[in-house]
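The residues making up each chain are set out below.
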Amino acid sequence: MNILLIGSGGREHALAWALLQSPLLTRLVCAPGNGGIAAIAECIDVSAEDHAAIVDLCRRENIGFVIIGPEGPLVAGLGDALAAAGIEYFGPSKAAAQLEGSKGYTKDLCREFDIPTGAYGRFTDKAAAKAYLSGVAGRVVVKADGLAAGKGVVIPETHAEAEVAIDACFAGAFGAAGTEVVIEAFLDGEEASFFALSDGSHVVPLATAQDHKRVGDGDTGPNTGGMGAYSPAPVMTRAMIDRTMAEIIRPTIDAMATRGTPFKGVLFAGLMIGADGPKLIEFNVRFGDPETQALLPRLKSDLLAALLASARGTLAAVELAWSDDAALCVVMAANGYPGTFVRGSEIRGLDAAAACPGVQIFHAGTQKNGDHFVANGGRVLNIAARGATVAAAQQRAYAALDKVDWPGGFSRRDIGWRAV
Ligand code: AMP
Ligand code: GLY
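Described in the following lines is the structure provided in the data block.

The rules behind the values
- Counting from 1, residues in each chain are numbered in the order their sequence is written.
- Starting at A for chains and at 1 for ligands, labels are handed out in the order in which the entities are written.
- The model is predicted, so local features are restricted to residues of pLDDT at least 70 and side-chain atom pairs to those at 80 or more, both for listing and for counting; the totals for chains, interfaces and linings are taken over all residues.
- To obtain the side-chain values, all non-hydrogen atoms of the structure were used and water was disregarded.
- When accessible area is computed with a 1.4 Å probe and restricted to protein chains, residues below 20% of their type maximum are described as buried, those above 50% as exposed, and intermediate ones as partly exposed.
- Each helix corresponds to a stretch of at least 4 residues labelled H or I by DSSP, and each strand to a stretch of at least 2 residues labelled E; elements are numbered beginning at the N terminus.
- Paired strands are those between which DSSP finds at least two bridges.
- By nonpolar core we mean a set of buried residues, namely Ala, Val, Leu, Ile, Met, Phe, Trp, Tyr and Cys, connected to one another through side-chain atoms within 4.5 Å.
- Nearness is judged by heavy atoms alone; a residue qualifies as near a molecule or strand once a single heavy atom is within 4 Å of it.
- Pairing of N or O atoms within 3.5 Å defines a polar contact, subject to two protein rules: one partner must be a possible hydrogen donor and the other a possible acceptor, and residues neighboring in sequence count only if both atoms are side-chain atoms.
- Where accessible areas are quoted, they stem from the Shrake-Rupley method and a 1.4 Å probe; at the residue level, only the protein chains shown are allowed to cover.
- Any residue that is not Ala, Val, Leu, Ile, Met, Phe, Trp, Tyr, Cys, Pro, Asp, Glu, Lys or Arg is counted as polar, Gly included; the first ten are nonpolar and the last four charged.
- Put simply, the grid is 1 Å and covers the protein atoms alone, a cavity is a trapped set of points that fit a 1.4 Å probe, a pocket is an open set with protein on both sides within 12 Å along at least five of seven lines, and lining residues have an atom within 4 Å of a point.
- Grid points are joined across faces, edges and corners, and a volume is the space filled by probe spheres set on the points.
- Note on contacts: a residue pair qualifies if any of its non-hydrogen atoms lie within 4.5 Å across the two residues.
- Convention adopted: a line fitted to C-alpha atoms gives each axis, helices being fitted over their contacting stretch, and angles between N-to-C directions are expressed from 0 to 180 degrees.
- Working rule for angles: under 35 degrees goes down as roughly parallel, over 145 as roughly antiparallel, 65 to 115 as roughly perpendicular, anything else as oblique.

Once that is clear, we can look at the pairing of strand β14 (residues 228-231). Both faces of β14 are covered, namely the face carrying Gly228 and Tyr230 and the face carrying Ala229 and Ser231. One ladder, built from two bridges, connects strand β11 (residues 203-211) with β14; its direction is antiparallel. Counted as the bridge partner of Gln210 is Tyr230 from β14. Pairing of β14 with strand β17 (residues 326-334) involves four bridges; the strand directions are antiparallel. Paired with Ser231 across the strands is Ala327, a residue of β17.

Laid out in structure tokens, this is it:
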């Protein structure tokens, strides 16, 4: 079967690497891909925003199944356009992608179906938002309702700071995503990511992971798209996984079916594990980045078969096998990230790093320039490693990372610290 993979990040390189192990795969095409993906698949530069062009590409290249990596095209309804053209795809419909596309939509769903999450209000009006804030006793989090590339969340220390965040949001700090604002209770606890596949009615849990969102060691500095991840997350014990499935994932899948907008694809729950169990921070409707780079090296089953079963409604017959190993992924970013950074710096030593035992290198923002790679983004490389424990995986990942010769980039040195 010919597959088209949509996206260009480290997540997509990891997906491509796993898909290539499937006996069901004939040919892998990626749009637009990146320097690392180009080494293992055919990259074609077509924008996912141009739905007609993607449909044309599928017809021209005889694509049988499309896997949509990022949230943007899912929320914009690329899946619906493919379905209308009779092309099978992995991921939610536009209606079901609202679980990530609108934070207010998800909060309302939680309220209606009794899914544990923080108390909240949603507002299209500044005065009403501030009136709500004045009635809240504790700390709050202020969020732009729509997609804001991970930047639409402000965690103020005080209510005065929260008012500033509300003003900024309505003044357009997050563009159209901020025309509606969600104010929610600050949740205490330890964060974890949980992933499950659904075909609209059946659910198969994938695995757990923990991300590191801050740019600096010790979880300091500004938020980023994610500086590293590891899987499994020790806070997600068997009991906590069972509760997450029973209290959050299963009720959400049932609710979406009840509403007539069944959720197919991968449901990524961002959780806060507190004293009274798991609470939902947010849903994403796609694989995590960089969590996927730590998840897929542990997957022993055929990824493509599982994604096809999600699309076709046959997940009941799918059981996934996972390695007992842990895996850990360290992100290397261009100097200056998440602020302004320079593109084009040369990266050397990748072959030596990739030759280290248990290591996989997934490119996020690279470009091939003659015989070497150059940086072409903020997050540039993912150094992933497996090991018997998180500590062993961490040691292997950093041993490989130290072979990468790239003065233009940096990484955190403490990925996995909670588990080590
Ligand atoms: P989100 O984009 O919604 O995942 O938010 C980004 C980050 O903000 C999360 O990973 C959390 O670290 C933090 N965060 C979001 N909502 C809350 C909340 N209600 N309580 C505490 N931290 C939160
Ligand atoms: N690593 C968080 C995300 O993919 O949204």
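Next comes the rest of the account.
In this structure, Leu4, Val66, Leu82, Leu99, Met236 and Ile249 are the most contacted members of the largest nonpolar core, which totals 50 residues. Judged by nonpolar contacts, the second largest core, of 42 residues, contains Ala14, Cys30, Val266 and Ala384.

Moving on: the site of ligand 2. Around ligand 2, the neighbouring residues are Asp211, Gly225, Phe268, Asn284, Arg286, Gly288, Asp289, Pro290 and Glu291. Within the backbone of Asp289, a nitrogen or oxygen atom sits 2.9 Å from a nitrogen atom of ligand 2. Between Glu291 and ligand 2, the recorded distance is 2.8 Å, taken from a side-chain N or O atom to a nitrogen atom. Protein burial of ligand 2: of its 190 Å² of free accessible surface, 89% is covered by the chains. Of the residues assigned to the shell around ligand 2, the class counts are two nonpolar, three polar and four charged.

A full pass over the atoms with the stated rule returns one cavity of 30 Å³ or more. Here the largest cavity is characterised by a volume of approximately 50 Å³. If you go around the largest cavity, the residues you meet are Leu197, Leu206, Phe287, Leu295, Leu296, Leu299, Leu303, Ala306, Leu320 and Trp322.

Bringing the environment of Trp406 into the picture now. Its place among the elements puts Trp406 in the loop between α14 (390-401) and β23 (409-410). We classify Trp406 as buried; its relative accessible area is 5%. It is 9.4 Å that separates the C-alpha atoms of Trp406 and Val374, two residues lying 32 residues apart in sequence. Apart from residues lying up to four places away in sequence, Trp406 is in contact with Met332, Ala333, Ala334, Ser345, Glu346, Ile347, Ala375 and Val380. A distance of 2.9 Å separates a polar atom in the side chain of Trp406 from a polar atom in the side chain of Ser345.

Between helix α7 (residues 103-113) and helix α10 (residues 238-258), the least distance of the axes is 11 Å, while the angle of their chain directions is 100 degrees. One way to sum up the angle between α7 and α10 is to call them roughly perpendicular. Every residue of α10 that contacts α7 at Tyr105, Leu109 and Phe113 is listed here: Thr252, Ala255 and Met256. The residue makeup of the contact of α7 with α10, split by class, is five nonpolar, one polar and no charged.

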